[in-house]
Amino acid sequence: MTPTQEVLLSWAADRLRAAGAAPGGDAGDDGLSAVARLRAAREALAVAAGGHAAVCVLADLDVPSWMAEVFRFAVKVPAEDGEAWRRALTRTVFLSGRPANLRERFAFSHTSADGSAAWFGPAPAAAGATLRRLLKTFEGTRPFEGLPEGAVLRLGSGEAGTAAPVGMGTVRLPGTVQSPGRMTPVPEPIAFTPAPPSLVPGQTSSLPPPLSCVPGRSAHVPGSVPPLPAPARRSPVHRELYAATAGVTLAAALVHLHHLLVEAVADDLLAPGDRLTLRSAPRLSTVTRPVAALRADTDALHPDQLQAYALLTEEI
């Protein structure tokens, strides 16, 4: 699917609707263009969300490694915070600083093993105000050179910092320890405890004596509902992730990639064990693969149009 203006408008409108906005469609009686109407709806959402945001503190930056940490952070976001953050269009503030020097003052939600990046929140604006006042905004004004095709990410089994090369230009998303109430479920083995038997009126005993389990067989309490089998893990998928480079600064690229990745986690498009092959192009209008997720924003050269800045393909 080639990201035409019609396609980009549709994706952008769907994203706003998912966050609770009513973005409208084509230019209306107010004379606003479709892009201007989307922009107005986005601004209204930001006001309604009350500044709910995450904060990413960057000390050093290797973009593919940072992307893997974005994924680790996203799967830890509690459900309630994730819903509020989605209504704020997953707004994230990028600051320059060293997480190691801040960890005694701020409770980070996630810190990379090498200390190069850390995330605070997502939370209401007041919660991260002190951190934002303390540190400077990450500038990143140099041109974004794209995702390095030769990068080898060292990702392990889910423990932060473990390393296993996966190949040139390919990111294998790390497995993740189960975290209660995160923004989106990530398949993990679930242990089911047999329910206690129903009590007969007048019965005083609440539980039966301990059961002896035969290895390889599940214990079953007579009179109770048999335990359900653990749900099967979804099979890992392999997708391509494209990032645009024409007219894009490094800071802007981080914003677009961060939105794409955390919302893909929330929508269960990315999960532990999945693989991403990284691609770059000046503009993404040449991409013909089916698209699973797309990040579109105002075209810097043509404010009345949208540009695709990052996208995730369907399984390949």
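Details of the structure are given in the entry above.
Quick caveat: nothing in here was measured; it's all calculated off a predicted structure.

Cut-off values and rules
Residues numbered from 1 in each chain as written. Predicted model: local features only at pLDDT ≥ 70, side-chain atom pairs only at ≥ 80, totals over all residues. Heavy atoms only, no water. Core = buried A, V, L, I, M, F, W, Y, C linked by side-chain atoms within 4.5 Å. Buried < 20%, exposed > 50% of the residue type's maximum accessible area, 1.4 Å probe, protein only. Helix = DSSP H or I, 4+ residues; strand = E, 2+ residues; numbered from the N terminus. Contact = heavy atoms within 4.5 Å. Pairing = 2+ DSSP bridges. 1 Å grid on protein atoms, 1.4 Å probe; cavity = no way out; pocket = protein on both sides within 12 Å on 5 of 7 lines; lining within 4 Å. Points joined across faces, edges and corners; volume = space filled by probe spheres on them. Expected span 1.5 Å × (residues − 1). Phe/Tyr/Trp six-rings, centres within 6.5 Å; stacked < 30°, edge-to-face > 60°. Salt bridge = Lys/Arg side-chain N within 4 Å of Asp/Glu carboxyl O.

Attention now goes to the nonpolar core. One finds Trp66, Met67, Leu147, Leu241 and Leu257 to be the most contacted residues of the largest nonpolar core, which totals 41 residues. For this core, the secondary-structure elements that each account for two or more residues are strand E1 (53-58), helix H3 (63-74), strand E4 (117-123), strand E7 (238-244), helix H6 (250-266), strand E8 (275-281), strand E9 (291-298) and strand E10 (306-313). The biggest single contributor to this core is H6, with 10 residues. Sequence-distant contacts of Leu241, that is, excluding residues within four places in its chain, are made with Met67, Leu147, Leu257, Leu260, Leu261, Leu276, Thr277, Leu278, Arg279, Leu311 and Leu312. If you look at the next biggest cluster of nonpolar residues, it comprises 22 residues, including Ala13, Leu45, Tyr242 and Val287.

Taking strand neighbours across the sheet as the criterion, the 5 strands line up as E3-E4-E1-E2-E5 in an open arrangement whose pairing is mixed. Two strands bound the open sheet, and with one partner strand each, they are strand E3 (110-111) and strand E5 (136-137). Note that E1 and E4 share 5 bridges and pair antiparallel. Looking at E4, one finds that Val55 is bridged to Phe120.

Here the focus is empty space enclosed by the protein. For the structure on display, the rule yields 2 cavities of 30 Å³ or more. Considered as a void within the structure, the largest cavity measures approximately 160 Å³ in volume. Lining the largest cavity are 13 residues, and of these Ala12, Leu38, Arg42, Ala296 and Asp297 lie nearest its centre. Contributing elements (two or more residues each) for the lining of the largest cavity: helix H1 (5-18), helix H2 (34-49) and E9. Considering every element that reaches the lining of the largest cavity, the biggest residue donor is E9, with 5 residues.

On to the environment of Leu102. Locating Leu102 in the fold gives a position in the loop between strand E2 (92-96) and E3. Distance in space between the C-alpha atoms of Leu102 and Leu131 is 9.0 Å, their sequence separation being 29 residues. Discounting chain neighbours no more than four positions away, the residues touching Leu102 are Val57, Phe108, Leu131, Leu134 and Leu135.

A few words now on H3. Over its 12 residues, H3 runs 16 Å from end to end, which matches the ideal 16 Å to within 8%, given 1.5 Å per residue. Here H3 lies mainly inside the structure; 11 of its 12 residues are buried.

Let us look at the packing of aromatic side chains. Under the counting rule described, the total for this entry stands at 3 aromatic pairs. Site record: aromatic cluster; members linked through ring pairs are Phe73, Trp85 and Trp119.

Moving on, we come to the pattern of salt bridges. A side chain with one charge can pair with a side chain of the opposite charge if their charged atoms come near. Within the structure shown, the criterion is met by 10 salt bridges. Note that Arg17 and Asp14 form a salt bridge whose closest N and O atoms lie 3.0 Å from each other. Linking Arg17 with Asp14, this pair stays in helix H1, spanning 3 residues, or about one helical turn. For Arg17, a relative accessible area of 44% puts it in the partly exposed group. On the accessibility criterion, Asp14 (41% relative accessible area) is partly exposed.

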